[in-house]
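What follows is the residue order along each chain.
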Amino acid sequence: MNASAIGFGGVAASLVLVAVAVGLSVRDRLGLERSILWAATRAFVQLVAIGGALALVLADDAPVALSWLWVLGMIVVGSATIASRAKEVPGLFGIAAFALGTAVSLSLLVVFGLGIFPLEPRTIVPVTGMLLGNAIGATVLAARRTVIELREHQPQIEVRLSLGQGGPEAVRPHVREALRTAIGPQIEQTKIVGLIALPGTMTGLLLAGVEPLDAVLVQTAVMFLILGSVAVTSVIIGRGVARKLLTRDHRLVVPAAP
């Protein structure tokens, strides 16, 4: 069997552990069985639909403009996802779009400007997807943690403001802590690459028959880009959220806890 083409039978076989997870949820009364089944079903439907669309975008004769439109669509959807995960922050969609757009632009400039990958549809869309997929989780965490940190330390911040400190300076220690929380997991993930974790890009290339060293070099480049994009998006979001919660006359207005 071709390792890169498992077919629907292979997908069905991979549901074994999903069934085990559902069974454990039922046995231990976790109440997660519906969520697990819905997540698996939704992922399958989304991936099949996206696979059909990507076949058109990544075709050999497809114009590069389609790939860039796809990238724009991913940024919009990603920004909407971030905004929906931290609804208490006003105007988060615009901040998220700026953060994701900045990280993607810088990363793709490095990738294609320095000739790491050729400028083709088959590289534009997958690289962007990997960058956004990792950045969105950290960005959502940065937004949430910034709100929580400012809410929990509001008395200390207001004391600093009353003593004449500017808003950005008064909230800076707490935004810094939120950013450490958001970026930390990606730093730890980067540390264990190769020792414990074999990342998806490298695994996919190995399954496709690419030489191990070539697969490692590609994965290393992607890993560095992901780490940088996570840091960029998290910092922009954290600072952006803090600015949104500070008024022009340097008062802190934090939404109530849900």
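Residues numbered from 1 in each chain as written. Predicted model: local features only at pLDDT ≥ 70, side-chain atom pairs only at ≥ 80, totals over all residues. Heavy atoms only, no water.

The backbone of Arg29 sits at a positive phi, close to 55°, despite the residue not being glycine. Its place among the elements puts Arg29 in the loop between α2 (16–27) and α3 (33–57). Classification of Arg29 by relative accessible area gives exposed; the value is 78%. (Helix = DSSP H or I, 4+ residues; strand = E, 2+ residues; numbered from the N terminus. Buried < 20%, exposed > 50% of the residue type's maximum accessible area, 1.4 Å probe, protein only.)

On to the nonpolar core. Counting residues in each nonpolar core, the largest one holds 47 residues, and the members touching the most others are Leu92, Leu150, Ile237, Val241 and Leu252. At the level of secondary structure, the elements contributing two or more residues to this core comprise α4 (64–85), α5 (92–113), α6 (121–152), α7 (154–162), α8 (167–191) and α10 (212–244). Considering each element in turn, this core owes the most residues, 12 residues, to α6. (Core = buried A, V, L, I, M, F, W, Y, C linked by side-chain atoms within 4.5 Å.)

The next thing to look at is the pattern of salt bridges. Under the defined criterion, the tally for this structure stands at 6 salt bridges. Across the pair Arg145 and Glu149 runs a salt bridge, and its minimum N-O distance is 2.8 Å. Here Arg145 pairs with Glu149, and both are found in helix α6, just 4 residues apart, close to one helical turn. For Arg145, a relative accessible area of 22% puts it in the partly exposed group. For the salt bridge of Asp249 with Arg251, the shortest nitrogen-to-oxygen distance reads 3.0 Å. Classification of Arg251 by relative accessible area gives partly exposed; the value is 46%. (Salt bridge = Lys/Arg side-chain N within 4 Å of Asp/Glu carboxyl O.)

Together, Arg42, Arg85, Lys87 and Arg144 give the surface a local cluster of positive charge. The topology assignment puts Arg144 in helix α6. The partly exposed category is assigned to Arg144, whose relative accessible area is 38%. (Patch = residues over 30% accessible without salt bridge, like charges linked within 9 Å, V, L, I, M, F, W, Y side chains within 5 Å. Areas by Shrake-Rupley, 256 points an atom, 1.4 Å probe, with all protein chains shown as cover. Lys, Arg positive; Asp, Glu negative; His and termini not counted. Charge placed at Lys NZ, Arg CZ, Asp CG, Glu CD.)

Together, Ile6, Phe8, Val11, Phe44, Val45 and Val48 make up a nonpolar patch on the protein surface, roughly 540 Å² of accessible area in all. Those elements giving two or more residues to the nonpolar patch turn out to be α1 (7–13) and α3. In terms of residues, the nonpolar patch owes the most to one element, α3, which gives 3 residues. Of note, Val45 is situated in helix α3.

Close contact between α6 and α7 brings their axes to 5 Å; oriented N to C, the two are set at 70°. Put simply, α6 runs roughly perpendicular to α7. Packed against α6, whose contacting residues are Leu150, Arg151 and Glu152, the element α7 presents Gln154, Pro155, Gln156 and Ile157 at the interface. Among the residues forming the contact of α6 with α7, the class breakdown is 3 nonpolar, 2 polar and 2 charged. (Axes fitted to C-alpha atoms, helices over the stretch in contact; angles between N-to-C directions. Parallel < 35°, antiparallel > 145°, perpendicular 65-115°, else oblique. Contact = heavy atoms within 4.5 Å. Nonpolar A, V, L, I, M, F, W, Y, C, P; charged D, E, K, R; others polar.)

Another point: the confidence of the model for the protein chain. Here the protein chain averages 86 in pLDDT, while 95% of its residues score no lower than 70. The least confident element of the protein chain is helix α9 (residues 200–207), whose mean pLDDT is 72; the most confident is α2, at 93. (pLDDT = per-residue confidence, 0-100.)

The next point concerns the packing of α4 against α5. As a packed pair, α4 and α5 sit with axes 8 Å apart at the nearest point and diverge in direction by 140°. Here α4 is positioned oblique relative to α5, judged by the angle of their axes. In the packing of α4 onto α5, the handedness of the crossing is right-handed. Across from Trp68, Val71, Ile75, Val76, Gly78, Ser79, Ala80, Ile82 and Ala83 in α4, the residues of α5 making contact are Leu92, Phe93, Ala96, Ala97, Leu100, Gly101, Val104, Leu108 and Phe112. Looking at side-chain class alone, the contact of α4 with α5 contains 15 nonpolar, 3 polar and no charged residues. (Left-handed = near helix turned anticlockwise from the far one by under 90°.)

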